[in-house]
Amino acid sequence: MASLTRTEQSKMLNVEVFDVYLDEEEQSALLAAPEKFIREFLEREGHTVNNLLIDTRLLNGEGCPGGSQKLVHSRADDWTFSSHYWQCEPLM
């Protein structure tokens, strides 16, 4: 089952970073319709999605090398507008 696990929170309290875990069925749904899947998932998790940025590898249906994904969530200073960036984990 899909889940988010907070891995770090910057010293700026308005930035959160999460590891994303998806099972095989969820990964297929993500690659089939990335924006729809991510919006619905984040809203189920209680996030208000104002701005969504998605790694182009996911938009192109390629998936992430190694399957590892992260979510970076940032909020504006007034806490009324937020951005979500769903990305492939950078390979070292």
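Residues numbered from 1 in each chain as written. Predicted model: local features only at pLDDT ≥ 70, side-chain atom pairs only at ≥ 80, totals over all residues. Heavy atoms only, no water.

A. Local environment of the pairing of strand 4 (residues 69-75). Strand direction decides the pairing type here: strand 2 (residues 15-21) and strand 4, joined by six bridges, are antiparallel. Note on strand 4: the bridge partner recorded for Val15 is Ser74. The pairing of strand 4 with strand 5 (residues 82-88) spans seven bridges and is classified as antiparallel. Bridge assignment links Leu71 to a residue of strand 5, and that residue is Trp86. (Pairing = 2+ DSSP bridges. Helix = DSSP H or I, 4+ residues; strand = E, 2+ residues; numbered from the N terminus.)

B. Broad picture of the packing of aromatic side chains. Taken as a whole, this structure holds two aromatic pairs when the rule is applied. With a centroid separation of 6.3 Å and 5° between ring planes, the pair formed by Phe37 and Phe41 is classed as stacked. Taken together, the positions of Phe37 and Phe41, both in helix 2 (residues 34-44) and four residues apart, correspond to about one turn of that helix. Comparing Phe37 with Phe41 shows no difference in burial state: the two are buried. Seen in terms of ring centroids, Phe41 and Trp86 are 5.9 Å apart; in terms of plane orientation they differ by 85°. Their pairing is edge-to-face. Of this pair, Phe41 sits in helix 2 while Trp86 sits in strand 5, and the two are 45 residues apart along the sequence. Put simply, the rings of Phe37, Phe41 and Trp86 touch in pairs and so form one group of aromatic residues. (Phe/Tyr/Trp six-rings, centres within 6.5 Å; stacked < 30°, edge-to-face > 60°. Buried < 20%, exposed > 50% of the residue type's maximum accessible area, 1.4 Å probe, protein only.)

C. The state of the cysteines, seen in detail. Applying the stated criterion across every chain, the model contains one disulfide. With a sulfur-sulfur separation of 2.1 Å, Cys64 is cross-linked through a disulfide to Cys88. Between Cys64 and Cys88 the sulfur-sulfur dihedral comes to about -80°; the bridge is accordingly left-handed. Of this pair, Cys64 sits in the loop between helix 3 (56-59) and strand 4 while Cys88 is found in strand 5, placing the two residues 24 residues apart along the sequence. On the basis of relative accessible area, Cys64 is assigned to the buried category, the value being 10%. (Disulfide = S-S within 2.5 Å.)

D. Spotlight on the environment of His73. In this fold, His73 is placed in strand 4. Residue class for His73 comes out buried when judged on its relative accessible area of 4%. Between the C-alpha atoms of His73 and Val49, which are 24 residues apart in sequence, the distance is 9.7 Å. Excluding anything up to four places from it in sequence, His73 contacts Asn14, Val15, Glu16, Phe18, His47, Ser82, Ser83 and His84. (Contact = heavy atoms within 4.5 Å.)

E. Highlighting helix 2. Restricting attention to buried positions, one finds in helix 2 the residues Pro34, Phe37, Ile38, Phe41 and Leu42. All buried residues of helix 2 lie within an arc of 115° about the axis, which places them on one face of the element. Gly46 sits one or two positions beyond helix 2 and adopts a positive phi of about 95°. (Arc of directions from axis to C-beta.)

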